[in-house]
Amino acid sequence: MNPVVIIVQLLFIFYYAYVIYVFYKLHQNSCQCDKLEGFKKTWNFRYISIVTPLLFLYSVMGLIKIFKEQNGGSMYQNVLAIISLCYFSSFVNDYAIISLFHTMEKKNCPCQTKNREILTTATYVKAIVNLYIYIKVMAVLDKKFFNKIKKKMEKEQKKSKGWNHRFSIQ
């Protein structure tokens, strides 16, 4: 079990939990801001409110799966699942958060300003970490794919050498 993977997974879980908390507070609109009511109707707010809990659940399930694994044999399947299920929605979620908070700041919305500042910084950091992980994952996949092709070619060469050897004229 790789402790770095566990720590990163835990950080994602805490990040998504914090996003859920901030958007819950924004949804409550405790400062009774009319501007916030308008922001609640934007695609960003709705997308974040729907996708973030799903990403949170996926991250929790990923952590549970890490702890259940006995060996790294299914790492390849995990990587494929992460790429197909999370990266795109995660990047759009980051964009939606940053875009919405930028608009709220531009229109001087007073709601949850401290939490918005913290979450904006955390979102930039998370997006950079996510991009780094994505690039690393793609490099690992490329390497594994290349090794698979190389092994297949070597196997085919051995088969063809055996066939040529049997029928070669000496």
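It should be noted that the structure appears before, not after, this text.
Residues numbered from 1 in each chain as written. Predicted model: local features only at pLDDT ≥ 70, side-chain atom pairs only at ≥ 80, totals over all residues. Heavy atoms only, no water.

Caption draft 1: Just the packing of aromatic side chains, in detail. The tally for this structure, following the rule as stated, stands at 8 aromatic pairs. When the centroid spacing of 6.2 Å and the interplanar angle of 25° are considered together, the rings of Y18 and Y21 count as stacked. Of the two residues, Y18 and Y21 are both situated in helix 1 (residues 3-28); the distance of 3 residues between them amounts to about one turn of the helix. Between F23 and F45 the ring centres are 5.1 Å apart and the planes differ by 55°, which places this aromatic pair in the tilted class. Linking F23 in helix 1 with F45 in helix 3 (residues 43-68), this pair joins segments that are 22 residues apart in sequence. Here F23 falls in the buried class, since its relative accessible area comes to 5%. What makes F45 buried here is its relative accessible area of 4%. (Phe/Tyr/Trp six-rings, centres within 6.5 Å; stacked < 30°, edge-to-face > 60°. Helix = DSSP H or I, 4+ residues; strand = E, 2+ residues; numbered from the N terminus. Buried < 20%, exposed > 50% of the residue type's maximum accessible area, 1.4 Å probe, protein only.)

Caption draft 2: Seen up close, the pattern of salt bridges. For the structure shown, the criterion picks out 2 salt bridges. Salt-bridge contacts for E37 lead to K40; the nearest nitrogen and oxygen are separated by 3.2 Å. The buried category is assigned to K40, whose relative accessible area is 14%. Two residues, D94 and K126, come together in a salt bridge whose shortest N-O distance is 2.9 Å. Residue D94 is located in helix 4 (residues 75-106), and its partner K126 is located in helix 5 (residues 113-167); the two are separated by 32 residues in the primary sequence. K126 carries the same exposure label as D94, and that label is buried. (Salt bridge = Lys/Arg side-chain N within 4 Å of Asp/Glu carboxyl O.)

Caption draft 3: A look at a nonpolar patch on the surface. A contiguous nonpolar patch, built from I7, L10, L11 and F14 and spanning about 400 Å² of accessible area, is present on the exposed surface. Tracing the backbone shows L11 in helix 1. (Patch = residues over 30% accessible without salt bridge, like charges linked within 9 Å, V, L, I, M, F, W, Y side chains within 5 Å. Areas by Shrake-Rupley, 256 points an atom, 1.4 Å probe, with all protein chains shown as cover.)

Caption draft 4: Representation of helix 3. For helix 3, spanning 26 residues, the distance from its first C-alpha to its last is 37 Å, which sits close to the expected 38 Å at 1.5 Å a residue. Listing the buried residues of helix 3 in full gives N44, F45, I48, V51, T52, L55, S59, L63 and I66. (Expected span 1.5 Å × (residues − 1).)

Caption draft 5: Structural context of unusual backbone geometry. Of note, N108 is a non-glycine position whose phi angle comes to about 55°, a positive value. Here N108 lies in the loop between helix 4 and helix 5. Residue classification places N108 among the exposed residues on the basis of a relative accessible area of 59%. Look at Q112: it is not a glycine, yet its phi comes out positive at around 50°. Locating Q112 in the fold gives a position in the loop between helix 4 and helix 5.

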